[in-house]
Amino acid sequence: MKYANLRRQAASLKKNLFDQGYLDEQFCQVEDLQDEANPNFAEEVVSLFFKDSARLILNIEQAIIGASRMKNECTSFRNFCGEENTEGCTRTFQKVKREHAVLRQKLESYFQLLRQAGPAGTATRPAGK
């Protein structure tokens, strides 16, 4: 009886994850690959995902070219991945994507203005920086 109750709880949690948009059909496909010889396959794949995604985010952080807002979101994302916090990962990943898009647009505008202004002598820092 105890195991049946735990399975119902797990099924309910999984349904909630789908309903909230954290999971999609691809997760079911991963679970379908489990069998008696490899009963923890999905859990192992998810653990690898968090490990690999945290590493990739660290690589992005190291490649950031002074984009402090994006770096902050990447750091938050990496921390949530390290904690295996799915909700936090999803939320901060959306912020990383948003910051990336905003930064790209703003820097494209900046460099377009610089091209229009012509060559400059040396780079200057904004006042107070």
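Cut-off values and rules
Residues numbered from 1 in each chain as written. Predicted model: local features only at pLDDT ≥ 70, side-chain atom pairs only at ≥ 80, totals over all residues. Heavy atoms only, no water. Helix = DSSP H or I, 4+ residues; strand = E, 2+ residues; numbered from the N terminus. Rg over C-alpha atoms; globule rule 2.2 N^0.38 Å. Buried < 20%, exposed > 50% of the residue type's maximum accessible area, 1.4 Å probe, protein only. Contact = heavy atoms within 4.5 Å. Areas by Shrake-Rupley, 256 points an atom, 1.4 Å probe, with all protein chains shown as cover. Lys, Arg positive; Asp, Glu negative; His and termini not counted. Charge placed at Lys NZ, Arg CZ, Asp CG, Glu CD. Polar contact = N/O pair within 3.5 Å; in protein donor to acceptor, adjacent residues only side chain to side chain. Axes fitted to C-alpha atoms, helices over the stretch in contact; angles between N-to-C directions. Parallel < 35°, antiparallel > 145°, perpendicular 65-115°, else oblique. Left-handed = near helix turned anticlockwise from the far one by under 90°.

(A) Molecular detail of the overall build of the chain. For the chain, the helix and strand inventory stands at five helices and zero strands. Going from N to C terminus, the chain has its helices and strands arranged as α-α-α-α-α. Rg of the C-alpha trace for the chain: 22 Å, well past the compact-globule value of 14 Å for 129 residues, more than 25% over. Expressed as lengths along the three principal axes of its C-alpha atoms, the size of the chain is roughly 75 × 25 × 25 Å. Going through the 129 residues of the chain one by one, you find that 16% of them count as buried. A fraction of 28% describes how many contacts in the chain between residues 6 or more apart in sequence connect residues 24 or more apart. In the structure as shown, the chain presents an accessible area of about 10400 Å², 54% of it carried by carbon and sulfur atoms. Side chains of the chain carry 19 positive and 17 negative charges; the gap between the two charge centres is 11 Å.

(B) Representation of the side chain of Thr-92 within the structure. Tracing the backbone through its elements, the reader meets Thr-92 in helix 5 (residues 86-117). Within the local environment of Thr-92, its side chain forms a polar contact with the backbone oxygen of Cys-89, the two atoms lying 3.4 Å apart. In this structure, Thr-92 is in contact with Glu-73, Ser-76, Phe-77 and Phe-80, ignoring residues within four places of it in sequence.

(C) Representation of the packing of helix 3 (residues 41-63) against helix 4 (residues 68-82) within the structure. The contact between helix 3 and helix 4 brings their axes to 9 Å, and the two run at 160°. Overall, the two elements helix 3 and helix 4 adopt an arrangement that is roughly antiparallel. Pair helix 3 / helix 4 crosses with left-handed handedness. Of helix 4, the residues touching helix 3 (which contributes Phe-50, Ser-53, Ala-54, Ile-57, Leu-58, Ile-60 and Glu-61) are Met-70, Lys-71, Cys-74, Thr-75, Phe-77, Arg-78 and Cys-81.

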